[in-house]
Each structure stands twice: as C-alpha cells, then as structure tokens.
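Single-letter residue listing:
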Amino acid sequence: MAIPREHFAELLTQVPLGEERSFDHCECPAGMDTRRRLRIRNTDRAYLIYCFNCGGHSVVPHGTRSYIRTIKELLADQKELETKGLGDTVMPGGLVSDPRHWPVKAQAWVGQYITTTEAIDNEITYSHDWQRVILPVYEDGKLIFWQARAVHPGQSPKYISVKGVPKPMAWKHSSNKKWQGCIVIVEDILSAIKVSRVVDSVALLGTSPDIDCLSERLKEYNYVGIVLDPDAAGTTKSIELHKRLSLVCRGKVIRWLGHTKQPKEMDNAELEAIPRGL
Ligand SMILES: [Zn+2]
C-alpha cells in the first residue's frame, strides 16, 4: 500500500543523502505509531519510505521529472488498490528476477540453500530499492505475502515482512509422488522449498499458526511431520504444535521429527530421510 505523500513530505528534508532516519507515522492506518516506525532512507537515486507498523511504502526519486512520474505511479497504485480491493499485496519496487543479475551477496545467500532453478521456479527475486532478497508467497497464482531478507552487511532487521495483510502459510507441493499423503511442517520458505524436493511441505513463517486453518488444509494428508528449527524456540514450538495438531487432526499420524539442522541446510540424503521417519 502506498503511503500518502502528505504523511512524509515534510520529513524528507530531515534525511541527509546516504542516511536513514526513523519517524512516528502519525497518520498510520494501522493505528497510532509512537515508536518511530516510519523509516526513510535517502539513497543516491531516491527517498525510500517504509512503515514497519502498517507495511505501507513509497519511493520518491530525486529530480523533478521523476517526481512527477512517482506521483503518477502512486496514483496508479491507489487506483489499482481501489479496483482490486484493499489489502492486496504489491511487490516492492526495483525487482531483478534473474538470479544471475543479482549482487554477489544475494546470490551467495540464496545459493547456499537452493539451486538457481529452484529460486526462479519459486519466483524469488532481488529488490534494488530494498537491497534485499524477496521471498514471495503465492496462493492460486496470486501474490499474498512477501518477506525481504537482508543479505548485505549492516542491514537490520534480518527479515522485513509486508504488513497490512495477514501472515499466511507457504505451501509447497512436491513433484515427487513417492510420499503422497505425507506433508512436513517447517518454519521458513526456503526450508519448505528444500523439503519439497522430496515431499509436500508447508512453512509456518515463524508465527504460531492458526490451527483451524492449518488442520483444514492438512485434511488431504495422512502423515504429518514437524521439522522446525533445532533451537530452543523451535523445540518448544514443535512440542506445542504436536500437542495441538494431535487434538484436532484425529486419525492422522503426527510426528515431531527432531533434527540438528534447519531443513534448508540439509543435503539431499538428509532430506530424503525426513519422510522415512513418518
Ligand atoms: Zn504506518
């Protein structure tokens, strides 16, 4: 969602070139922001504006002609929102879809987990505006969510999620039919992509999931494995999830498949071993 220009116009002069400042997003549609969640970065090309409260964003390129173009884009954006309904997810700007044209750091981060083909198939992209790898979530061909992962030194926080839309789960179907009827629950998108080399997978995206929604979608499966991150938080979450799913998913085999690695870090042999534990 585009942030109206009047929300930040007066703040732009307070951000020197090459720097970043945080402000309260006073008219934030997500509710009053008193924690300076409106971030404005002044790059050599443009002001990049993002609100960590409402997920709204805006880009104001430097120079008069670009400024007019930006306003046009914002108006188009607004029109698009009106026709498609509020809450539609829009990808961040400056996307580079071909991983071979990404900065080396971005290629290296993604490349340590998945192949270039997997990145392209799952429409993982890089945003020059954000200087981050964009991990999108599509449902029935429609973009419903994305996360922007830091890949350059000094970037914080590690993940930024598009706000203003409910955090979904990311479902990845496997083309391997050997383990039909089985599904593995993981934490993050890359882990789901990785596990789907072998068996269907769903990423909870780090949240405590909506159990009703999850159990509804699990109906088509007989075996459900849980492989969350091997840290303390992941372990607590796995036990909790196992308990709750066992209560609502009657007649299914539900197993917590503890492991010493995150699924995205596993090699093919380790991935193939996962459904054998079900
Ligand atoms: Zn806001």
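This section reports on the structure supplied with the text. (Residues numbered from 1 in each chain as written. Predicted model: local features only at pLDDT ≥ 70, side-chain atom pairs only at ≥ 80, totals over all residues.)

**Considering the sheet that holds strand S12 (residues 200–203)**
Taking strand neighbours across the sheet as the criterion, the five strands line up as S10-S12-S11-S13-S14 in an open arrangement whose pairing is mixed. Looking along the sheet, the strands with just one partner apiece sit at the ends: strand S10 (170–172) and strand S14 (253–256). Strand after strand, the sheet turns through a mean of 20° between neighbouring axes, direction not considered. Alignment of strand S11 (residues 182–186) against S12, held across four bridges, turns out to be parallel. (Pairing = 2+ DSSP bridges. Helix = DSSP H or I, 4+ residues; strand = E, 2+ residues; numbered from the N terminus. Axes fitted to C-alpha atoms, helices over the stretch in contact; angles between N-to-C directions.)

**Some remarks on the pairing of strand S3 (residues 46–51)**
In terms of burial, S3 is a largely internal element, five of the six residues being buried. Relative to S3, strand S2 (residues 38–42) is paired through five bridges, and the arrangement is antiparallel. Considered in S3, the bridge of Arg 39 is made with Tyr 50. Hairpin connection, S2 to S3: the antiparallel pair is bridged by three residues. Judged from the five bridges that link them, S3 and strand S4 (residues 57–61) form a sheet pairing that is antiparallel. Pairing of Ile 49 across the sheet is with Ser 58, part of S4. Joining the antiparallel neighbours S3 and S4 is a turn of five residues, in which Gly 55 adopts a positive phi near 80°. (Buried ≥ 20, exposed ≤ 12 C-beta atoms within 10 Å, placed from the backbone.)

Any functional reading would require information that these geometric values do not contain.
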